[in-house]
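So the chains spell out like this:
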Amino acid sequence: MTRLLLHFMILLVAMGSCEEDQDEQQAYFEYFGVNHAWGFQYSHWIIDGAGNVRVSSYADSVVWLSGGLDPHISKFDSVIFQVSKTELDSQIAKIWPASKGPVETIEQHRNDFGAYGFNAFYQDKIIPLSLRSDTEDKTNNSTEAAQLILWLQDLQEKLPKGN
């Protein structure tokens with residue numbers, strides 16, 4: 001019986017470590033902005049699991065993310081700068097609580113405004129943090145989402161203009 005129990009415990013430990021590997025994702029955050037009024041403006045960057053802030057070197061190719069960020073990470077091929085692992089880990093820890101926050105949606109009737117927003121990703125799910133567009137504004141009202149938005153806005157300020 002002891003031997004059976006030992007084998008069962010080893011199996012549980014092995015399964016737990018496999019699950020941890022499966023949960024590892026390549027990218028966690030994105031900013032996007034697109035506007036076609038008076039010409040074409042497009043800005044899109046992500047933060048990957050290594051803390052790299054990445055943009056696409058093909059700025060005229062709009063990337064619409066679906067099914068999570070990881071399938072699209074190769075489209076963001078230029079690293080602008082890097083966030084420290086400690087800083088990134090502290091922000092990643094806020095994603096799950098932010099996913100539980102209430103998202104307020106306000107209908108809009110803007111013309112030529114475009115769409116701008118911040119998202120976080122948890123596995124294959126998009127966690128909306130903020131969105132401003134022609135048709136609606138969305139704001140995640142959790143405390144963690146507000147903290148993530150401020151952090152991402154600070155990073156946005158560090159990017160060279162045009163990204």
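In case you missed it, the structure is sitting above this.
Quick summary incoming for the structure in this document. Counting of residues starts from 1 at the beginning of each chain's written sequence and follows it residue by residue. Per-residue local features of the predicted model are confined to residues with pLDDT of at least 70, and side-chain atom pairs are confined, for both listing and counting, to 80 or more; whole-chain, interface and lining totals are unaffected and use all residues. Where side-chain values are given, they derive from all heavy atoms of the structure, hydrogens and water being excluded.

## Examining the side chain of N35
Here is step 1: The way it works is that DSSP assigns letters per residue, a run of H or I at least four long becomes a helix, a run of E at least two long becomes a strand, and they are numbered from the N terminus. Here N35 shows up in strand β1 (residues 27–35).
Here is step 2: The buried label applies to any residue whose accessible area, calculated with a 1.4 Å probe on protein chains only, is under 20% of its type's maximum; exposed applies above 50%, and partly exposed to all values in between. With relative accessibility at 9%, the residue N35 sits in the buried group.
Here is step 3: Whenever two N or O atoms come within 3.5 Å, that pair is a polar contact, provided that in protein one can donate a hydrogen and the other can accept it, and provided that, for residues adjacent in sequence, both atoms are side-chain atoms. Here F113 takes part through its backbone oxygen, which lies 3.0 Å from a polar atom of the side chain of N35.
Here is step 4: Throughout, a contact is declared for two residues whenever any of their heavy atoms are within 4.5 Å. Leaving out residues up to four positions away in the same chain, N35 has contacts with F40, Q41, D112, F113, G114 and Y116.

## A short note on the pattern of salt bridges
Here is step 1: Salt bridges are identified by distance alone: a Lys or Arg side-chain nitrogen within 4 Å of an Asp or Glu carboxyl oxygen. On inspection of all chains with the given rule, the structure shows four salt bridges.
Here is step 2: A salt bridge links R54 to D48; its shortest N-O distance comes to 3.1 Å. Each of the two residues, R54 as well as D48, counts as buried.
Here is step 3: For D89, the salt bridge is made with K85, and the minimal N-O distance between the two is 3.3 Å. Pair noted here: D89 and K85 are both in helix α2 (residues 85–92), with a separation of four residues, about one helical turn.
Here is step 4: Its relative accessible area of 49% is what places K85 among the partly exposed residues.

These values are about where atoms sit, not about what they do.
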